[in-house]
Amino acid sequence: GENVEQHPSTLSVQEGDSAVIKCTYSDSASNYFPWYKQELGKGPQLIIDIRSNVGEKKDQRIAVTLNKTAKHFSLHITETQPEDSAVYFCAATPSGSARQLTFGSGTQLTVLP
Amino acid sequence: GAGVSQTPSNKVTEKGKYVELRCDPISGHTALYWYRQSLGQGPEFLIYFQGTGAADDSGLPNDRFFAVRPEGSVSTLKIQRTERGDSAVYLCASSLMGGVSTEAFFGQGTRLTVV
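Everything numeric in this text was worked out from a predicted model, so none of it was measured.

A. Spatial organisation of the sheet that holds strand S6 (residues 56-59) of chain A. Residue and element names in this part refer to chain A. If you walk across this open sheet you meet the five strands as S1-S3-S8-S7-S6, and the pairing is antiparallel. The outermost strands of the open sheet, each flanked by one partner alone, are strand S1 (4-7) and S6. Neighbour to neighbour, the strand axes of the sheet diverge by 15° on average, direction disregarded.

Below, the structure written as structure tokens:
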């Protein structure tokens, strides 16, 4: 089955700086890679996703890159704000949808004012 | 609020008891997913419904776990003979369809504690 590893487990940045979270996956059949933000006591919220036919996707301050050859993908957040503080999860699946997502172990991002 | 609703938000039960966890998906969403999240970990897939049928139950850990969605809307996750290892947050998500390019929306979860 799929195995997703996520680094770092914790990340602290100053407000306005950039944050980068990296994930690797093992199943070459995986074709859908979403990123979720989870605040305390809430369910995960999709913030951006990328499919295997695309190398990079950007949405305002958030971008995701995918390297299929190396089987890794990364989340980039620019101009970080205190409200970006949360746990971020990467995930991968060969289903192309939210079915059978394998999640990473999460990154606790803290943006210091 | 038109989001995914899960009840109860918290459930404490004794080892060996039976529990039911309820999920009300977003109206009109045909796809429904159950995931389980242990403390400090990412969610783990349990089961996926497309309409009334369980299209993929490969994530259910054993036969103590069962889920239904009789009318294609509300779903109930049932756990028999609960064990302390079943303690986790059980998350439900729904999407408009089950296919590609459909965003899944998660509920806030039910925190199950088996004592």
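B. Representation of the sheet that holds strand S1 (residues 5-7) of chain B. Residue and element names in this part refer to chain B. An order of S1-S3-S8-S7 is seen for the four strands of this open sheet, with the pairing classed as antiparallel. Of all strands in the sheet, those bounded by a partner on one side alone are S1 and strand S7 (65-68). For this sheet, the mean angle separating the axes of adjacent strands, direction not counted, is 15°.

C. Representation of the pairing of strand S4 (residues 31-37) of chain B in the model. Residue and element names in this part refer to chain B. Judged by how many residues are buried, S4 sits mostly within the fold: seven of seven residues are covered. Of the two faces of S4, the one lined by Ala31, Tyr33, Tyr35 and Gln37 and the one lined by Leu32, Trp34 and Arg36 are each fully buried. Bridge count for S4 against strand S5 (residues 44-50) is six bridges, and the pairing is antiparallel. From the neighbouring strand, Tyr35 faces S5, where its bridge partner is Phe45. In terms of strand pairing, S4 meets strand S9 (residues 88-95) through seven bridges, oriented antiparallel. Counterpart to Ala31 in the pairing with S9 is Ser95.

Here is what the cut-offs are and how they apply
Residues numbered from 1 in each chain as written. Chains lettered and ligands numbered in written order. Predicted model: local features only at pLDDT ≥ 70, side-chain atom pairs only at ≥ 80, totals over all residues. Heavy atoms only, no water. Pairing = 2+ DSSP bridges. Helix = DSSP H or I, 4+ residues; strand = E, 2+ residues; numbered from the N terminus. Axes fitted to C-alpha atoms, helices over the stretch in contact; angles between N-to-C directions. Buried < 20%, exposed > 50% of the residue type's maximum accessible area, 1.4 Å probe, protein only.

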